[in-house]
Amino acid sequence: MEEQSISRAAVYRVLRDYWAQYKRRPLRSFVAFFFPATGTVLVFFVPPLVIAGLVNMFASGNVITWDAIFKSVLLFGGAALVGEAMWRIGMHFLIKLEAEGIAALNKATFKRLVERDYDFYANNFVGSLTKKALAYSRSFETFTDTLSFTVMKNVLPVFFAAIILWRYSPWIPLALVAMICVAVSVGVPIIRRRSRLVAVRHAAGSRLSGRLSDALTNMLAVKSFAKESVEEFAYSGYADDHAAKFKKAADFQNLRFDITMSPLYVLANVVGLVAAVFFTNTLHLQAGVMVIVYSYYTLVTAVFWEMNRVYRNVESALGEAAEFAEAVLEPPAVQDVSNAAHLDPGEGDISFREVSFKYRDVDDEEAMFLANFDLEIKAGEKVGLVGPSGGGKTTITKLLLRFIDLNFGEITVNGQNISKVTQSSLREAIAYVP
């Protein structure tokens, strides 16, 4: 089986399905995404404001009252407690959102698999397909966690910091945003190059999983012919290939992205310190502003490292989920027609009339596997199909059950064309024909 590439349409399919889970649960989604981010602001970005206020009190030379200190400490502790509470509430709703979303996606995944036709299962390894199907719902957790804990947890505090710093001078947040833009412009191209290595690693992981499943499924046959060493050797090749591709992607992360971003992160914090001193001195601001400026620069520039984590987690989640979406992207070849009727089997007469059929993988357009095949089975008759392997016995059964569709002619049950009735009613009727 050829390795499947991931199309943009498959990724969009994943995003639409995941978005549908958020849309069905608006309250839980809002709390899950915004409460942890707001908690982060209260726990990490409010304390520098309180400390700056205390520094200004001491720097003013005025007498500091215990009442003022008590209020500052109360604000410091209260903001942290409320922030922690918002985190716990957000986590509670996030867990419920993910649990319900995963369950819904698992059910939808199974439904899509049931709808697939014979060719689909003939062209997909069960083990690899199982891995892809489970990853489709499991990746919803990774994707949602990334949006909540990494994206929103950084975006909302950045806006908060920008608003606070703007009060002192627009140049302070603009310098901070400029550093972020530099980091993004330098880091994103490196991350994109790494994404190609990650895609190769995912493909190797799928092959490894499929090989293991295939070996376990046929283990009795392997043992019967004493071929354990052969299977172990083959599997080792897949394992070594996956390990090599994993190492290549990890080395690129460490030797390219991390080495590039480290000096930028240090530079950004140096700029933060210089900005804190420069603006405080130039604009004749209170000493506590230095605490706020430097603290916010340090906290916000941590997004340099989060940027890679966001891209990596989203890429991994969408990549794994898109493997399943790609597999089921094309509609099944065998589908019910619009307003398909329910089959009435009657006494069970079955008729093949001038049926012609050709398998898709046959290149010769004129080469029919079955050509103008006729067969009449009256109610109560028992007919045996006898012939050599490959003679068409199984194909005739598949055509009757509409696992595959014929090219020409028609098949009827009790005078009803099976292409005009629902597949479920056809198969249920065939199973119970007396």
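It should be emphasised that the depicted structure is a prediction, and the values quoted were computed from it without experimental measurement.

This part is about the packing of helix α8 (residues 228–282) against helix α10 (residues 303–327). Orientation of α8 relative to α10, taken along the N-to-C sense of each, is 145°, at an axis distance of 9 Å. Across the interface between the two elements, Gln253, Phe257, Asp258, Met261, Ser262, Leu264, Tyr265 and Ala268 from α8 touch Phe304, Trp305, Met307, Asn308 and Arg312 from α10. For the contact of α8 with α10, a count of residues per class yields eight nonpolar, three polar and two charged.

We now examine the pairing of strand β1 (residues 350–357). With respect to burial, β1 is a largely interior element, six of its eight residues being buried. Of the pairings in the sheet, the one linking β1 to strand β2 (residues 370–377) comprises five bridges and is antiparallel in character. Residue pairing across strands places isoleucine 350 opposite isoleucine 377, the latter belonging to β2. Relative to strand β3 (residues 408–413), β1 runs antiparallel, the two sharing five bridges.

By the bridge criterion, two bridges tie β3 to strand β4 (residues 416–417) in an arrangement that is antiparallel. For threonine 412, the partnering residue across the bridge sits in β4 and is asparagine 417. Remark: two residues form the turn of the hairpin made by β3 and β4, two consecutive strands paired antiparallel; asparagine 414 in that turn has positive phi of roughly 55°.

The subject of this paragraph is the sheet that holds β2. In spatial order, the strands read β2-β1-β3-β4; together these four strands make up an open sheet with antiparallel pairing. Only two strands of the sheet have a single partner each, and these edge strands are β2 and β4. Against the sheet, helix α11 (residues 393–400) engages β1, β2 and β3, with an angle of about 115° to β1.

Counted under the stated rule, the structure contains eleven aromatic pairs. Note on tyrosine 18 and tyrosine 136: the rings are 6.2 Å apart at their centroids and 55° apart in plane angle, and the pair reads as tilted. Of this pair, tyrosine 18 sits in helix α1 (residues 8–24) while tyrosine 136 is found in helix α5 (residues 126–166), placing the two residues 118 residues apart along the sequence. Here tyrosine 18 and tyrosine 136 have matching classes, each one buried. Chaining the aromatic ring pairs together yields one cluster made of Tyr18, Tyr22, Phe33, Tyr136, Phe140, Phe143 and Phe324. The ring of phenylalanine 120 carries arginine 116 above its face, with NZ or CZ at 5.2 Å from the centroid. Cation over ring: arginine 167 sits above tyrosine 168, and NZ or CZ is 5.7 Å from the ring centre.

Attention now moves to a negative patch on the surface. The grouping of Glu347, Asp349, Glu354, Asp374, Glu376 and Glu381 at the surface amounts to a negative patch. Within the secondary structure layout, aspartate 374 lies in strand β2. Since its relative accessible area comes to 49%, aspartate 374 is described here as partly exposed.

Another point: a nonpolar patch on the surface. On the surface, a cluster of nonpolar side chains totalling about 450 Å² of accessible area is made up of Val266, Leu267, Val270, Val274 and Phe278. In this fold, valine 274 is placed in helix α8.

Moving on to the nonpolar core. In terms of nonpolar packing, the biggest core is built from 33 residues, with Leu165, Met261, Val293, Tyr296 and Phe304 touching the most fellow members. Elements represented by at least two residues in this core include exactly α2 (26–59), α5, α6 (171–217), α8, α9 (288–300) and α10. Contact partners of valine 293, with chain neighbours within four places excluded, come to Leu165, Ile172, Gly272, Ala275 and Ala276. By size, the runner-up hydrophobic cluster in this structure holds 26 residues, among which are Leu113, Phe143, Ala321 and Phe324.

A few words on the packing of α2 against α9. Interaxial distance between α2 and α9 falls to 7 Å at its minimum, and their mutual angle equals 160°. It follows that α2 is roughly antiparallel to α9 by the angle criterion. Crossing of α2 against α9: the hand is right-handed. Counted together, Phe44, Phe45, Pro48, Leu49, Ile51, Ala52, Val55 and Asn56 of α2 and Gly288, Val291, Ile292, Ser295, Tyr296, Leu299 and Val300 of α9 form the full contact between these two elements. For the contact of α2 with α9, the residue count by class is twelve nonpolar, three polar and no charged.

The next thing to look at is the side chain of threonine 412. Mapped onto the elements of the fold, threonine 412 is located in strand β3. Since its relative accessible area comes to 5%, threonine 412 is described here as buried. Excluding its chain neighbours within four sequence positions, the residues that come into contact with threonine 412 are Asp349, Ile350, Ser351, Arg353 and Asn417.

Our focus in this paragraph is the pattern of salt bridges. Considering all chains together, one arrives at 14 salt bridges under this definition. Note that lysine 111 is salt-bridged to glutamate 115, the shortest N-O span being 2.8 Å. Among the residues examined, lysine 111 registers a relative accessible area of 53% and is labelled exposed. For glutamate 115, a relative accessible area of 40% translates into the label partly exposed. Notably, a salt bridge pairs aspartate 241 with arginine 207, separated by 3.2 Å at the nearest N-O pair. You can see aspartate 241 sitting in helix α8 and its partner arginine 207 sitting in helix α6, a full 34 residues away along the chain. On the accessibility criterion, arginine 207 (29% relative accessible area) is partly exposed. Ionic contacts of the salt-bridge type, sharing partners, join the residues Arg13, Asp17 and Arg112 into one network.

Rules behind the numbers
Residues numbered from 1 in each chain as written. Predicted model: local features only at pLDDT ≥ 70, side-chain atom pairs only at ≥ 80, totals over all residues. Heavy atoms only, no water. Axes fitted to C-alpha atoms, helices over the stretch in contact; angles between N-to-C directions. Helix = DSSP H or I, 4+ residues; strand = E, 2+ residues; numbered from the N terminus. Contact = heavy atoms within 4.5 Å. Nonpolar A, V, L, I, M, F, W, Y, C, P; charged D, E, K, R; others polar. Buried < 20%, exposed > 50% of the residue type's maximum accessible area, 1.4 Å probe, protein only. Pairing = 2+ DSSP bridges. Phe/Tyr/Trp six-rings, centres within 6.5 Å; stacked < 30°, edge-to-face > 60°. Lys NZ or Arg CZ within 6 Å of the ring centre and 35° of its normal. Patch = residues over 30% accessible without salt bridge, like charges linked within 9 Å, V, L, I, M, F, W, Y side chains within 5 Å. Areas by Shrake-Rupley, 256 points an atom, 1.4 Å probe, with all protein chains shown as cover. Salt bridge = Lys/Arg side-chain N within 4 Å of Asp/Glu carboxyl O. Lys, Arg positive; Asp, Glu negative; His and termini not counted. Charge placed at Lys NZ, Arg CZ, Asp CG, Glu CD. Core = buried A, V, L, I, M, F, W, Y, C linked by side-chain atoms within 4.5 Å. Parallel < 35°, antiparallel > 145°, perpendicular 65-115°, else oblique. Left-handed = near helix turned anticlockwise from the far one by under 90°.

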